[in-house]
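# Descriptive structure summary
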Amino acid sequence: VQLVESGGGLVQPGKSLRLSCSASGFTFSTYIMKWYRQAPGKERELVAYITTDGSSTYYSDPVKGRFTISRDNAKNTVYLQMNSLKPEDTAVYYCNVRRMMTDYWGQGTQVFVSS
């Protein structure tokens, strides 16, 4: 299993970023995909997840209404569109899949929101 995140960077408050996670080594279309984040000095937290066909999604309260998770099963890729970014969104963002009772993680992509 390999997960590779991209799309992070430095952005001003109120702006947008789109994260991507490219997956390989497993049948992508049959697994729920998740995005987590970890801010400095804090525990890793679930941000959003999406079901196998994209028909159902979940968002944590801090990001609800601002972030959108989506997936393209033909491209084995999951996305996180982040709008109206706030300084408190600053964190390393990780893609996750739980397969056969094992959690797999990417290397993470840093998002820094600052003016």
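Above this text sits the structure in question.
A short tour of the structure in this document, coming up.

Rules used throughout
- Residues numbered from 1 in each chain as written.
- Predicted model: local features only at pLDDT ≥ 70, side-chain atom pairs only at ≥ 80, totals over all residues.
- Heavy atoms only, no water.
- Helix = DSSP H or I, 4+ residues; strand = E, 2+ residues; numbered from the N terminus.
- Rg over C-alpha atoms; globule rule 2.2 N^0.38 Å.
- Buried < 20%, exposed > 50% of the residue type's maximum accessible area, 1.4 Å probe, protein only.
- Pairing = 2+ DSSP bridges.
- Salt bridge = Lys/Arg side-chain N within 4 Å of Asp/Glu carboxyl O.
- Core = buried A, V, L, I, M, F, W, Y, C linked by side-chain atoms within 4.5 Å.
- Axes fitted to C-alpha atoms, helices over the stretch in contact; angles between N-to-C directions.
- 1 Å grid on protein atoms, 1.4 Å probe; cavity = no way out; pocket = protein on both sides within 12 Å on 5 of 7 lines; lining within 4 Å.
- Points joined across faces, edges and corners; volume = space filled by probe spheres on them.

A separate point is the overall build of the protein chain. Secondary structure summary: the protein chain contains 0 helices and 11 strands in total. Ordered by position from N to C terminus, the α and β elements of the protein chain give β-β-β-β-β-β-β-β-β-β-β. Computed over the C-alpha atoms, the radius of gyration of the protein chain is 13 Å, within 12% of the 13 Å expected from 2.2 N^0.38 for a compact globule of 115 residues. Principal-axis analysis of the C-alpha atoms places the extent of the protein chain at approximately 40 × 25 × 20 Å.

A few words now on the pairing of strand β1 (residues 2-6). What you see with β1 is a clean split: Leu3 and Glu5 sit on the buried side and Gln2, Val4 and Ser6 on the side with no burial. In this structure, β1 lies alongside strand β3 (residues 17-24), joined through 5 bridges in antiparallel fashion. Residue pairing across strands places Glu5 opposite Cys21, the latter belonging to β3.

To continue, consider the pattern of salt bridges. Summed over the entire model, instances satisfying the criterion amount to 5 salt bridges. Between Arg98 and Asp103 there is a salt bridge, with its nearest N and O atoms 2.8 Å apart. According to the relative accessible area criterion, Asp103 is partly exposed, its value standing at 34%. Connected through shared salt-bridge partners, Arg37, Glu45, Arg66 and Asp89 make up one network.

If you look at the biggest cluster of nonpolar residues, it comprises 29 residues, and the most contacted ones within it are Met33, Trp35, Val78, Leu80, Met82 and Tyr93. At the level of secondary structure, the elements contributing two or more residues to this core comprise β3, β4 (33-38), β5 (45-50), β7 (67-72), β8 (77-82), β9 (91-99) and β11 (109-113).

For the rest of this paragraph, the subject is the sheet that holds β1. Spatial strand order, β1-β3-β8-β7: 4 strands in an open sheet with antiparallel pairing. With partners counted over all chains shown, the strands left at the sheet margins are β1 and β7, one partner each. For this sheet, the mean inter-axis angle between neighbouring strands, taken without regard to orientation, is 15 degrees. Where β3 and β8 come together, 6 bridges link them in antiparallel fashion. Looking at β8, one finds that Leu17 is bridged to Met82.

Further remarks concern the layout of surface pockets. Empty space within the largest pocket amounts to approximately 190 Å³. Contributing to the lining of the largest pocket are 14 residues, with Arg37, Ala39, Lys42, Glu45 and Glu88 lying nearest its centre.

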